[in-house]
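Chain and residue survey
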Amino acid sequence: MGSSSSSYAPKTIYLDVDGKVQKVGVQFRWKRCTSNIFFLPVYHRYNKEDMFQNVLSQVADQFSRAFRINELKTEVTNRLAMLEKRVELEGLKVVEIEKCKNDLKRLRDEMTSRGGGRVNCPCKYNFDDGKKVTPRRDVPNYPKYTLSQETVEALKKPTFDVWHWEHNEMLSCLEYMYHDLGLVKEFNMNPITLKRWLLAIQDNYRNNPFHNFRHCFCVSQMMYGMINLCNLQVWYMGILMTAAVCHDLDHPGYNNTYQINARTELAVRYNDISPLENHHCAVAFQILSLPECNIFANVDPEAFKQIRQAIITLILATDMARHGEILDSFKQKVDSFDFSIEEHMTCLKMVLIKCCDISNEVRPTEVAEPWVDCLLEEYFMQSDREKSEGLPVAPFMDRDKVTKPTAQIGFIKFVLIPMFETVMKLFPQIEEIMVQPLRDSRDHYEELKQIDDAMTEKKKTENMSLVSAVLSM
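Quantities reported herein were computed from a predicted structural model and do not represent experimental measurements.

1. Focus: the UniProt feature "binding site: AMP" (unreviewed entry) in the protein chain
As recorded in UniProt, the feature "binding site: AMP" (unreviewed entry) lies at His-211, Asn-212, Phe-213, Arg-214, His-215, Asp-248, Asp-357 and Gln-408. Checked against the element boundaries, His-211 lands in the loop between helix 5 (191–203) and helix 6 (213–230). Exposure remark for His-211: the relative accessible area of 15% places this residue in the buried category. Contacts of His-211, omitting those with residues within four sequence positions, involve Arg-206, Asp-248, His-251 and Glu-378. Of note, Gln-408 is situated in helix 15 (residues 404–426).

And the structure:
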């Protein structure tokens, strides 16, 4: 029988083999036989079904990779947009800060040009020109509030909420304290003079974020509470209360470090020695030198001299630069303390006014925490000014470095608790209502710091991951 053969044109197939694309040619030939026709492949790498499955698998894998890349691109785009927004907001803040700095500089330049010299930290009163504080000579007319029994009892406790009271109400509370402690009777004060004096005190506190009349009231109210707890003599009560009321008069909102570094009028006047505290004393006795405001007018001259010296000593003790010196002196006396020794009593009074001056953390958290915000605001105002004037900036005042927890933890642990625990040796009754709240406050801020640290670490990890993802694209 005859036979013949023929073939189809070659076919080309592309296959992915071990990650490489290979071109495979396939040609089929057929032979005619007498009884059958059959096909013989010249080259056959895979059977048809396996080859089709492999192609589908490769296509699916490519689609999957494409979707993952798109998802990553979307995530990176979103995060970059968030970062751009954050940078934009921070940029706006910088612009606003620079604008404020320029405005402050312009105002200082104007003040300098008008006054003929640099005025870094103007005082409300210029003692060189012979002028004195001018009080209100009319009969004081702030409303007389009748304090409820609940308020009267609350005034004696550190839990008293000072944020719920207007200035006139605080004046009435201070007036009540002087009457309740028997000071009006002991020092033969004219009740109208007491009113005028309190109004003059209020008028001579500036509207600073922290060192203002409400702070004056806080310190005085805490002193009133400690006096009730410690059962001190009336003579000492009058000195302690009056020093507390006057301790920050005309505070400019910038601390002694700024005064000294900027060489302000106050620093020059007081030779860099507690310039603010000396100024508070001077303003206090400027007010008392006026007959209309002299609550000690009926005290004999020798007694007034002692009162004046005692008040000056206490106000000067509020300079935190002297904290270690004063506390160490008290620690040496506390174990053998003698209330009949004047030196011991002077040291105790200095420590008591220091405790009251920095006692906000003794109060409940909802009362104490707003004071931290106020203090940090005042600190930041000073540090911004120091930066603009090229002066040294304390780290605990720098808005770029300090946080609320970091600001409070060290202060509570190393300043407040040791001082109050030392006073507790002499007056154990303060532990429950003053020392324990300080320990609770320390724990509260340590918990906040742990949360802040965890969030910071999380953000750092996220940013590292984002950068790695972008670099790998």
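Let's pick the thread back up.
2. Focus: helix 14 (residues 365–389)
With 25 residues, helix 14 extends 36 Å from end C-alpha to end C-alpha; this agrees with the ideal 36 Å at 1.5 Å per step. Where helix 14 ends, the next residue or the one after it, Gly-390, has phi of about 70°, a positive value.

3. Examining the pattern of salt bridges
Applying the stated criterion across every chain yields a total of 16 salt bridges. Taking the shortest distance from any N to any O, the salt bridge between Asp-398 and Lys-387 comes out at 2.9 Å. Placement of Asp-398 in the loop between helix 14 and helix 15 and of Lys-387 in helix 14 is noted, with a sequence separation of eleven residues between them. Between Glu-421 and Arg-439 there is a salt bridge whose closest N-O contact spans 3.1 Å. Of the two residues, Glu-421 sits in helix 15 while Arg-439 sits in helix 16 (residues 430–472), which places them 18 residues apart along the sequence. The class of Glu-421 is partly exposed, set by a relative accessible area of 28%. If you follow the salt bridges from partner to partner, you end up with Glu-369, Asp-373 and Lys-404 in one network.

4. Some details on the packing of helix 12 (residues 323–334) against helix 15
How two helices pack is summed up by the angle between their axes together with the distance between the axes. Packing of helix 12 against helix 15 leaves a shortest axis separation of 10 Å and a crossing angle of 25°. Comparing their axes, helix 15 and helix 12 come out roughly parallel. Crossing angle aside, the handedness with which helix 12 passes helix 15 is left-handed. Residue-level contacts link His-323, Leu-327, Phe-330, Lys-331 and Val-334 of helix 12 to Val-415, Met-419, Thr-422, Val-423, Lys-425 and Leu-426 of helix 15. Its residues assigned to classes, the contact of helix 12 with helix 15 comprises seven nonpolar, two polar and two charged.

Definitions and cut-offs
- For every chain, the first residue of its written sequence is number 1, and the numbers climb from 1 along that sequence.
- Thresholds applied to this predicted model are a pLDDT of at least 70 for local features of residues and 80 or more for the giving and counting of side-chain atom pairs; totals over whole chains, interfaces and linings are not thresholded and use all residues.
- Note that the side-chain values use all heavy atoms of the structure and ignore hydrogens as well as water.
- UniProt positions are given in the numbering used here, feature names are shortened, and annotations may be inferred rather than shown by experiment.
- In this text, helices come from DSSP runs of H or I with a minimum length of four residues, and strands from runs of E with a minimum of two, each type numbered from the N-terminal end.
- Each residue is placed in one exposure class: buried if its accessible area under a 1.4 Å probe, protein chains only, is under 20% of its type's maximum, exposed if it is over 50%, and partly exposed if it falls in between.
- Residues are treated as being in contact if the distance between any of their heavy atoms lies within 4.5 Å.
- A helix is expected to span 1.5 Å for every residue after the first.
- Any carboxyl oxygen of Asp or Glu that lies within 4 Å of a side-chain nitrogen of Lys or Arg is treated as forming a salt bridge with it.
- To define axes, lines are fitted to C-alpha atoms, for helices over the stretch in contact only, and angles between the resulting N-to-C directions are given on a 0 to 180 degree scale.
- What sets the label is the angle itself: under 35 degrees gives roughly parallel, over 145 gives roughly antiparallel, 65 to 115 gives roughly perpendicular, and the rest give oblique.
- Left-handed describes a crossing whose near helix is turned anticlockwise from the far helix through less than a right angle; right-handed describes the clockwise counterpart.
- Gly is put with the polar residues, along with every residue not named as nonpolar or charged; the nonpolar set is Ala, Val, Leu, Ile, Met, Phe, Trp, Tyr, Cys and Pro, and the charged set is Asp, Glu, Lys and Arg.

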